[in-house]
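Take a look at the letters that make up each chain.
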Amino acid sequence: RFSVLPAMATTAHTTHSAHRIAPCGSHHPRVLQGTRRARAATSLAAFSSQGCLKSSAHSAVPNSWRRRYGGGSESLSQCSKRQRAVDTTTTTTTTNYEGVPTVTDLSGLGAVENQVGMTYRSLDALPTRKEVLAAIPAHCFKKNTAKSLLYAFTSTALTAACGVLGYLFIPLQAAYWPAWVAYAIVTGTVATGAWVVAHECGHGAFSDNRRLQDAVGYALHSALLVPYFSWQRSHAIHHANTNHLEEGETHVPAVAGDPKGDGGLIAKSKIGELPWTVLNSIIVLLFGWPAYLIAGASGGPVRGATNHFWPWAGEQGRHSLFPGGWKKKVLMSDVGVFAVIGLLAYWAYAAGSIMPALALYVGPYLVTNAWLVGYTWLQHTDVDIPHYAKDTWVWAKGAFSTVDRPYGAILDFLHHRIGSTHVAHHVDHTIPHYNAVEATEALKKAFPHLYMYDPTPVHQALFRVASKCIAVKPSGKGGQYVFTDQPLAA
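Bear in mind the structure is a predicted one, so any value in this text is a computation, not a measurement.

A word on the overall build of the protein chain
- Tallying secondary structure elements over the protein chain gives 17 helices and 9 strands in all.
- The buried share of the protein chain, taken over its 490 residues, is 56%.
- Expressed as a percentage of contacts within the protein chain between residues at least 6 apart in sequence, the contacts between residues at least 24 apart total 72%.

Notes on the environment of His 387
- Structurally, His 387 is set in strand β7 (residues 387–388).
- For the pair His 387 and Lys 473, spaced 86 residues apart in sequence, the C-alpha to C-alpha distance is 9.5 Å.
- Those residues in contact with His 387 that lie beyond four places of it in its chain are Asn 243, Leu 245, His 251, Pro 253, His 380, Gly 479, Gln 480, Tyr 481 and Phe 483.

Quick notes on helix α6 (residues 177–203)
- For α6, with 27 residues, the first-to-last C-alpha span of 38 Å sits near the 39 Å given by 1.5 Å per residue.
- Most of α6 is tucked away, with 20 of its 27 residues classed as buried.
- Phi turns positive, to about 80 degrees, at Gly 204, one or two residues after α6.

Let's talk about the side chain of His 433
- With respect to the helices and strands, His 433 occurs in the loop between α15 (422–427) and α16 (436–446).
- Those residues within four positions of His 433 in sequence are excluded, and the remaining contacts are Tyr 151, Glu 200 and His 416.

Description of the pattern of salt bridges
- For the structure on display, the rule yields 13 salt bridges.
- A salt bridge links Asp 485 to Lys 268, with the nearest nitrogen and oxygen atoms 2.5 Å apart. Remark: Lys 268 occurs in helix α9 (residues 259–271) and Asp 485 occurs in the segment after β9 (480–484); sequence separation between them is 217 residues. You'll find Asp 485 and Lys 268 in the same group, each marked buried.
- Here Lys 444 makes a salt bridge to Glu 441, at a shortest N to O gap of 3.3 Å. A residue pair is termed a helical-turn pair when its members lie 3 or 4 positions apart in one helix, as Lys 444 and Glu 441 do in helix α16 at 3 residues.

Some remarks on the sheet that holds β9
- Strand order in the open sheet formed by 4 strands is β6-β8-β9-β7, and the pairing between neighbours is mixed. Here the strands that pair on one side only, and so sit at the sheet edges, are β6 (254–255) and β7.
- Looking at chain direction, β7 and β9 are connected through 2 bridges and run antiparallel. Paired with His 387 across the bridge in β9 is Tyr 481.

Some remarks on the confidence of the model for the protein chain
- Per-residue pLDDT for the protein chain averages 79, and the proportion of residues at 70 or more is 74%.
- Segment residues 1–121 is flagged for pLDDT under 50; beyond a separation of four residues in sequence, or across chains, it makes 264 contacts in the model.

Description of the environment of Lys 268
- We classify Lys 268 as buried; its relative accessible area is 5%.
- As for Lys 268 and Asp 485, which are separated by 217 residues in sequence, their C-alpha atoms are 7.8 Å apart.
- Setting aside anything within four residues of it in sequence, one finds Lys 268 in contact with Glu 273, Trp 276, Ser 467, Lys 468, Ile 470 and Asp 485.

Concerning the environment of Ala 254
- Along the chain, Ala 254 falls in strand β6.
- Each residue touching Ala 254, except ones within four places of it in the same chain, is listed here: Lys 260, Gly 261, Ala 471 and Val 472.

Some thoughts on empty space enclosed by the protein
- A complete count under the given rule lists 7 cavities of 30 Å³ or more for this structure.
- In this structure, the second largest cavity encloses a volume near 90 Å³.
- What lines the second largest cavity is Val 196, Glu 200, His 416, Arg 417, Ile 418, Thr 421, His 422, Ala 424, His 425, Ile 431, His 433 and Ala 436.
- Secondary-structure elements contributing two or more residues to the lining of the second largest cavity are α6 and α15.
- Ranked by the residues each element gives to the lining of the second largest cavity, the list is headed by α15, at 3 residues.

Here we look at the layout of surface pockets
- In this model, the largest pocket occupies a volume close to 890 Å³.
- In this structure, the largest pocket is lined by 40 residues; those nearest its centre are His 251, Val 284, Ala 297, Ser 298 and Trp 377.
- Take the lining of the largest pocket: its biggest share by element is 9 residues, from helix α10 (residues 273–295).
- Across the lining of the largest pocket, the residue classes break down as 22 nonpolar, 17 polar and 1 charged.
- Volume-wise, the second largest pocket comes out at about 480 Å³.
- Lining the second largest pocket are 19 residues; nearest its centre among them are Thr 159, Ala 160, Ala 223, Leu 360 and Tyr 361.

Some words on the packing of aromatic side chains
- Summed over the entire model, instances satisfying the criterion amount to 14 aromatic pairs.
- Centroid distance Tyr 218 to Phe 229: 6.0 Å. Interplanar angle 40 degrees. Geometry classified as tilted. A residue pair is termed long-range when its members are at least 10 positions apart, and Tyr 218 in helix α7 (residues 210–223) and Phe 229 in helix α8 (residues 228–240) qualify at 11 residues.
- Judged by its relative accessible area of 21%, Tyr 218 is partly exposed.

Focus on the packing of α8 against helix α11 (residues 326–351)
- Two elements in contact, α8 and α11, have axes whose closest approach is 6 Å; the angle formed by their N-to-C orientations is 135 degrees. Classified by the interaxial angle, the pair formed by α8 and α11 is oblique. The segment α8 lies against α11, with Tyr 228, Phe 229, Ser 230, Gln 232 and Arg 233 engaging Trp 326, Lys 329, Val 330, Met 332 and Ser 333.
- The residue inventory of the contact of α8 with α11, partitioned by class, reads 5 nonpolar, 3 polar and 2 charged.

Cut-offs and rules
- Residues numbered from 1 in each chain as written.
- Predicted model: local features only at pLDDT ≥ 70, side-chain atom pairs only at ≥ 80, totals over all residues.
- Heavy atoms only, no water.
- Helix = DSSP H or I, 4+ residues; strand = E, 2+ residues; numbered from the N terminus.
- Buried < 20%, exposed > 50% of the residue type's maximum accessible area, 1.4 Å probe, protein only.
- Contact = heavy atoms within 4.5 Å.
- Expected span 1.5 Å × (residues − 1).
- Salt bridge = Lys/Arg side-chain N within 4 Å of Asp/Glu carboxyl O.
- Pairing = 2+ DSSP bridges.
- pLDDT = per-residue confidence, 0-100.
- 1 Å grid on protein atoms, 1.4 Å probe; cavity = no way out; pocket = protein on both sides within 12 Å on 5 of 7 lines; lining within 4 Å.
- Points joined across faces, edges and corners; volume = space filled by probe spheres on them.
- Nonpolar A, V, L, I, M, F, W, Y, C, P; charged D, E, K, R; others polar.
- Phe/Tyr/Trp six-rings, centres within 6.5 Å; stacked < 30°, edge-to-face > 60°.
- Axes fitted to C-alpha atoms, helices over the stretch in contact; angles between N-to-C directions.
- Parallel < 35°, antiparallel > 145°, perpendicular 65-115°, else oblique.

As structure tokens, then:
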């Protein structure tokens, strides 16, 4: 199988295009200070391609680093057997391991303004998509329509049950606003599961029966005011161009030095970190989704100001978001969304007030939107996740620029593990979510040097991303851009 053996020069630096292994700095939860940082940097040379450590390095490297990259599953004695092939006492650039050509993995420490202590992992030698898919058991790609329908029914029934309970037991009075806020949070969180099921339909991971698949996805997404086919198309582009700085789709970062990027950097420097973080979180989580659907906010720069309801908005040439027959599908999506809006309007008219619809539907709807934006934000954004310019981006870099995070058993159940198995989802989005855990384990075993898992509690990671990931700037490693939260020097 494809393998990359790490070796780290204590004095030399390379110019490989690379990822950062782990950040060290006062703003990051995984902090190494003083001599521990130097000791850990030296000990990183003991990493093997299997994601494990020599016993001499075991105490020096934080467990979070090993967990993040899928290591630590084997005993140190097992690990040392494979380590004999690697001479970590010299500055090695290439070596051979069991007959497989390898390259340097850990190339040295790189410092980027405000993100100090970066260690990069090389992404110059990468597996092909065929090689990556071959590492996943074939049965992981098989869809079980009955099982998918059961998950769809479960998410829909739980959401409906929340709505009925709210209607029956919470008086529609101002004095009960705390109860309605709690209702919105609970119901919106539960309804996100239905959103994820429709997301699987859009990816072709629900059933081999395409008519059934699209019918379920169209119904669920329309009920949540999502234009099903429009989103299906734009989300496919997101998967095809993940973390591509020009042609990516959704959560494409602004570039420092451009007006948009400088605007955010200057705003933070003026109002301070905490106010900026709160303001940025509210803007992204509350307004990010409608802004994306209506105006293409955070979409690919090559596509301009797109609109998921009007396919003639934005670029209409080579980079058109909705080319050819997709325009008709966009209009079909509009029918479903506006039909639901019409039903909500009739509900308000029949009730003689807009309040029942606001309390029972709009509140949970906003929470569901916040969940889906938050998931996507954290899946592809962090202080140690780079983006790539056109001339250096390749599929493997994009797919493995995705990070899995710990959402806990309840959210994993409700949301079908959309955040904890997202790397496998980006490797192949037709893998049903109920097979994604096994696919994830296969990827961790085959590509421990590429798979990313961040054990940071999700709320802490969200604060870090909202605070530090404002704009990207060149890392000095050839077409790779990394996040900064400081304005560029004049």
